[in-house]
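Listed below, chain by chain, are the residues.
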Amino acid sequence: MGKKMNAALKNVEPRVYGLREAVETVKRSAFAKFDESVDLALRLGIDPKRSDQLVRGTAALPHGTGKKVRVLVFAKGEKEQEARQAGADYVGSDDLMEKIKGGWMDFDCAISTPDLMASVGKLGKQLGPRGLMPNPKTGTVTFEVGKAVADIRKGRVEFKVEKAGIVHVLVGKVSFDPAKLYDNASAILESVIKAKPASCKGRYLKSATITSTMGPGVKLDTIALTKQWS
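Keep in mind the model is a prediction, meaning the values are calculated, not measured.

A. Inspection of the domain arrangement of the chain at higher detail. Domains assigned within the chain are domain 1 (3–65 + 155–228) and domain 2 (71–153). For domain 1 and domain 2, the distance between their C-alpha centres works out to 28 Å. Each side of the interface is counted separately: domain 1 has 6 residues, and domain 2 has 10 residues. Both faces combined, the contact of domain 1 with domain 2 buries some 680 Å², and carbon together with sulfur accounts for 40% of it.

B. Layout of the packing of helix H8 (residues 178–194) against helix H9 (residues 222–229). Their axes nearest at 10 Å, the elements H8 and H9 cross at an angle of 75°. On the basis of the axis angle, H8 is roughly perpendicular to H9. Across the interface between the two elements, Tyr182, Ser186, Leu189, Glu190, Ile193 and Lys194 of H8 pack against Leu225, Thr226, Gln228 and Trp229 of H9. Its residues placed into classes, the contact of H8 with H9 shows 5 nonpolar, 3 polar and 2 charged.

C. Spatial organisation of the sheet that holds strand E5 (residues 109–112). On the basis of which strands lie adjacent, the open sheet formed by 3 strands has the order E4-E3-E5 and parallel pairing. With partners counted over all chains shown, the strands left at the sheet margins are strand E4 (90–92) and E5, one partner each. Each strand axis lies, on average, 15° off the axis of its neighbour in the sheet, ignoring direction. Note: strand E3 (residues 71–74) against E4, 3 bridges, orientation parallel. Within E4, the residue paired with Leu72 across the bridge is Tyr90. Sitting on the sheet, helix H4 (residues 94–101) touches E3 and E4, and the angle it makes with E3 is about 125°.

Conventions adopted
- Residues numbered from 1 in each chain as written.
- Predicted model: local features only at pLDDT ≥ 70, side-chain atom pairs only at ≥ 80, totals over all residues.
- Heavy atoms only, no water.
- Domains from an automatic or database assignment.
- Contact = heavy atoms within 4.5 Å.
- Buried area = accessible area lost by both parts, 1.4 Å probe.
- Axes fitted to C-alpha atoms, helices over the stretch in contact; angles between N-to-C directions.
- Helix = DSSP H or I, 4+ residues; strand = E, 2+ residues; numbered from the N terminus.
- Parallel < 35°, antiparallel > 145°, perpendicular 65-115°, else oblique.
- Nonpolar A, V, L, I, M, F, W, Y, C, P; charged D, E, K, R; others polar.
- Pairing = 2+ DSSP bridges.

Encoded structure:
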């Protein structure tokens, strides 16, 4: 480890933290010259191989992510115009699909109207591995494209459990005030905890860590978090 990381580690005690204290510790421990991202990593007590235990959803961050999100919308006619007026970065249908098939992927989120999903679904090899395939469960397959674009612009984030049973979600930036990081992290935790599958038995939130891009991880008190948002 470098000197800066060793110095940062001195700010983190070997114990679990309450959420408010944890975000303050993350800010105090950040040392990179750029504005680091702050992320939550949640290990869930689910079996990701079971389809009835796949945890997926969205959370509306009250203070946004601090990151510019490039939004693409698959739409035609009036809905195409609606998406443009809402501020989507890229809007179209067959033209965009051909570009994506050719390897173009310069966007962070994709939305589609339901009538185009039969065609968009053929882009599974390109969009699927990057987690960009529009999905009704995350509100990205909808005729209300204007609202969907606006929600994403305001700071809506998606979460989906990985093969190892872990959920990674962006909370914000180190430059945010501790209160804003706390509010954003709270919104994510509430959404993930409320998304607990009915078939999941035993302890659901097994461990939780909040960290900046370069800084050390700060472990959270999962028992307290579960009580707060269950």
